[in-house]
Amino acid sequence: MGFVGTNSTHFVEAEGQLQSTLYVNGWNSYWLMEESVWGNSRRRVSKMLRKGAEMGMTVCRTWAFSDGGDGAAALQTSPGVFNERVFKGLDYVIVEARRNRVRLILSLVNNLDAYGGKAQYVRWAREAGLNVSSTDSFFAHPTIKDYYKAYIKAIVTRKNSLSGVRYFAEPAIFAWELMNEPRCSSSSSSPILQAWITEMAAFIKSLDPKHLVTVGTEGFYGSATATGGKLGVNPGEWAASLGTDFLQNSAIKDIDFASVHAYPDSWIPKADLEAKVKYLSQWVDSHIKDGDNTLKKPVLFTEVGSSLHDTKGVYEREVFLKTIYDKVYDSAKKRQAGAGALIWQLLVEDIGRYGDRFSLVAWHHPSTYNLIQKQSCKLRSLFATKSDRSKKLRKSDPCFDHGS
């Protein structure tokens, strides 16, 4: 496996002296590290990565954090103190991903409270006697920023106990994500968040210039880029009050590609299907256009989710997924900035505790499974080399039936 880089608005994979264009079909399984802590549950991780590869997917986004708490699955038990057993679980995830030729987007902290998140860092600071009043202190207080930098350094420079490869030298890592869905308590904290992204992205690059870095934003437009009708693309006025700004945050020099999420069911719950599809189309088009014309960077839709509350939910999920897939494929044909999409989220059997209303075991839903696999094969066929096309596909190849 070669390292993935960028060439203007699309991803490229280094293959010796050559570069090949890469558009992504992938998925989220946030739970891989936790399930890899114990030997008897690692089989589920292996199965998920194998099944993802069988669907032709090449990138999986997952958590590389678990901060504080009393559980045995906490990776960072206190600032700069790590549970080696959990770290070995992350080692296993990376080795298995590489074995299945899947690359990982590793998210480094949560905005939400699950698995500790920024709130845990603030609690640690309070326990150390610091006067911090808001979770926004995570982005501003020097001591808390030092906690996070120490965590980044421990992760990025980690030597894998199974492969002996340091993480900064591991091609199975696609990118580092600064935070899952960063938000502030108010829009007044926007400059603080912008400065934090700039500082932390530069810090990662100082340790690891080989890997890509992304923010982890949901894609909301803020008041800093209110011109041009961008605020009207948001799902509601509330989206501009969170301190994030897609264009401003993504334009930072050390941010290699922009991240966007898409949850029409959650964001505009009262709308009917037709209105949700219309909104989703506008949302995707706007961000791809921004990548092409303003950012000059790839745009990756790193979470695409739809509620599965009933049979109707399965149909609607596939309508939403196909809407984004078609736009990514069209972008790929034109070599535009819409660089791929990752469904949220996939499970295997017997791990319902990690599920939410957007989760599914893909092979239990044949029509969804086929939709995902078909997208993988369509993207692959666009960029297959002459030697790839000359090879006769084996029946075990995920694209055998799709004519890639």
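Residues numbered from 1 in each chain as written. Predicted model: local features only at pLDDT ≥ 70, side-chain atom pairs only at ≥ 80, totals over all residues. Heavy atoms only, no water.

- Identification of the protein as mannan endo-1,4-beta-mannosidase from Punica granatum is taken from an unreviewed UniProt entry.
- If you open the UniProt record of the protein and go to Catalytic activity (unreviewed entry), you find "Random hydrolysis of (1->4)-beta-D-mannosidic linkages in mannans, galactomannans and glucomannans."
- UniProt's Subcellular location (unreviewed entry) comment on the protein is quoted here verbatim: "Secreted". (UniProt positions renumbered as here; feature names shortened; annotations may be inferred.)

**Some points on the packing of helix α6 (residues 142-156) against helix α7 (residues 190-207)**
Here is step 1 of the chain: One way to put it is that α6 packs onto α7 with a least axis distance of 10 Å and a crossing angle of 30°. As summarised for this structure, α6 and α7 are arranged roughly parallel, according to the angle between their axes. Seen along the crossing, α6 lies across α7 with a hand that is right-handed. Two secondary-structure elements touch here, α6 through K145, Y148, K149, I152, K153 and V156 and α7 through W196, E199, M200, F203, I204 and L207.
Here is step 2 of the chain: Its residues assigned to classes, the contact of α6 with α7 shows 8 nonpolar, no polar and 4 charged. (Axes fitted to C-alpha atoms, helices over the stretch in contact; angles between N-to-C directions. Helix = DSSP H or I, 4+ residues; strand = E, 2+ residues; numbered from the N terminus. Parallel < 35°, antiparallel > 145°, perpendicular 65-115°, else oblique. Left-handed = near helix turned anticlockwise from the far one by under 90°. Contact = heavy atoms within 4.5 Å. Nonpolar A, V, L, I, M, F, W, Y, C, P; charged D, E, K, R; others polar.)

**Some words on the nonpolar core**
Here is step 1 of the chain: Counting residues in hydrophobic clusters, the biggest one holds 111 residues, and the most contacted among them are W31, F138, Y148, L178 and W196.
Here is step 2 of the chain: Excluding anything up to four places from it in sequence, W31 contacts R44, V45, M48, T62, Q345, L346, L347, V348, I351 and Y354.
Here is step 3 of the chain: Grouped together as the second largest cluster of nonpolar side chains are 13 residues, F11, L22, V59 and A339 included. (Core = buried A, V, L, I, M, F, W, Y, C linked by side-chain atoms within 4.5 Å. Buried < 20%, exposed > 50% of the residue type's maximum accessible area, 1.4 Å probe, protein only.)

**Focus: the pairing of strand β9 (residues 173-177)**
Here is step 1 of the chain: Counting buried positions along β9 yields 5 of 5 residues, so the element is predominantly enclosed.
Here is step 2 of the chain: Here 4 bridges tie strand β8 (residues 103-107) to β9, and the two strands are oriented parallel to one another. Across the sheet, the residue bridging to I105 is A175, located in β9.
Here is step 3 of the chain: Judged from the 3 bridges that link them, β9 and strand β10 (residues 212-214) form a sheet pairing that is parallel. Bridging across to β10, A175 finds its partner in L212.
Here is step 4 of the chain: Between the parallel elements β9 and β10, the chain passes through α7 in a crossover that is right-handed. (Pairing = 2+ DSSP bridges. Right-handed = clockwise from strand over helix to strand, strands pointing away.)

**Comments concerning the side chain of D256**
Here is step 1 of the chain: By the element assignment, D256 lies in the loop between α8 (246-250) and β11 (258-262).
Here is step 2 of the chain: Separated by 2.8 Å, the side chain of D256 and the backbone nitrogen of V213 make a polar contact.
Here is step 3 of the chain: When sequence neighbours within four positions are dropped, the list of residues in contact with D256 reads T6, K205, H211, L212, V213, K297 and P298. (Polar contact = N/O pair within 3.5 Å; in protein donor to acceptor, adjacent residues only side chain to side chain.)

**Description of helix α2 (residues 42-54)**
Here is step 1 of the chain: If you check α2, its first and last C-alpha atoms are 18 Å apart, about what 13 residues at 1.5 Å a residue would give, namely 18 Å.
Here is step 2 of the chain: Considering only its buried residues, α2 is in contact with β4 (24-28), α1 (32-35) and α3 (84-99).
Here is step 3 of the chain: Directly after α2, the chain includes G56, whose backbone phi takes a positive value near 80°. (Expected span 1.5 Å × (residues − 1).)

**A few points about unusual backbone geometry**
Here is step 1 of the chain: In the Ramachandran plot, Y115 falls in the positive-phi region, its phi being about 60° despite a non-glycine side chain.
Here is step 2 of the chain: Here Y115 lies in the loop between β8 and α4 (117-127).
Here is step 3 of the chain: Among the residues examined, Y115 registers a relative accessible area of 24% and is labelled partly exposed.

**Thoughts on the state of the cysteines**
Here is step 1 of the chain: Across all of its chains, the model carries 1 disulfide by this definition.
Here is step 2 of the chain: Sulfur-sulfur distance for the disulfide between C377 and C399 comes to 2.1 Å. Its S-S torsion of about -95° marks the bond between C377 and C399 as left-handed, since a negative value means left-handed. Residue C377 is located in helix α12 (residues 366-382), and its partner C399 is located in the segment after α13 (386-390); the two are separated by 22 residues in the primary sequence. (Disulfide = S-S within 2.5 Å.)

**Observations regarding the sheet that holds strand β3 (residues 18-22)**
Here is step 1 of the chain: What the 3 strands build is an open sheet, ordered β1-β2-β3; its pairing is antiparallel. Two strands close off the open sheet at either side, each with one partner strand: β1 (4-7) and β3. Ignoring strand direction, the axes of neighbouring strands in this sheet form an average angle of 45°.
Here is step 2 of the chain: Bridge count for β1 against strand β2 (residues 10-15) is 4 bridges, and the pairing is antiparallel. Each residue of the ladder has a partner; that of V4, found in β2, is E13.

**What to know about the packing of α2 against α3**
Here is step 1 of the chain: At their nearest, the axes of α2 and α3 sit 10 Å apart, and the two run at 30° to each other. Here α2 is positioned roughly parallel relative to α3, judged by the angle of their axes. Once α2 is placed against α3, the crossing between them reads as right-handed. Note on element contacts: α3 touches α2 through K88, G89, Y92, V93, E96 and A97, opposite R42, V45, S46 and L49.
Here is step 2 of the chain: In terms of residue class, the contact of α2 with α3 is made up of 5 nonpolar, 2 polar and 3 charged.

**Overview of the environment of M1**
Here is step 1 of the chain: Mapped onto the elements, M1 comes out in the segment before β1.
Here is step 2 of the chain: On the accessibility criterion, M1 (25% relative accessible area) is partly exposed.
Here is step 3 of the chain: Distance in space between the C-alpha atoms of M1 and R123 is 40 Å, their sequence separation being 122 residues.
Here is step 4 of the chain: Excluding its chain neighbours within four sequence positions, the residues that come into contact with M1 are E13, R98, R101, V102, R103, P171 and A172.

**Quick notes on the pairing of strand β13 (residues 338-343)**
Consecutive residues of a regular strand have side chains that alternate between opposite faces of the sheet.
Here is step 1 of the chain: With respect to burial, β13 is a largely interior element, 6 of its 6 residues being buried.
Here is step 2 of the chain: As paired elements, β4 and β13 share 4 bridges and run parallel to each other. Counted as the bridge partner of W27 is I343 from β13.
Here is step 3 of the chain: As judged from the 4 bridges shared by strand β12 (residues 299-304) and β13, these two strands associate in the parallel manner. Within β13, the residue paired with V299 across the bridge is G338.

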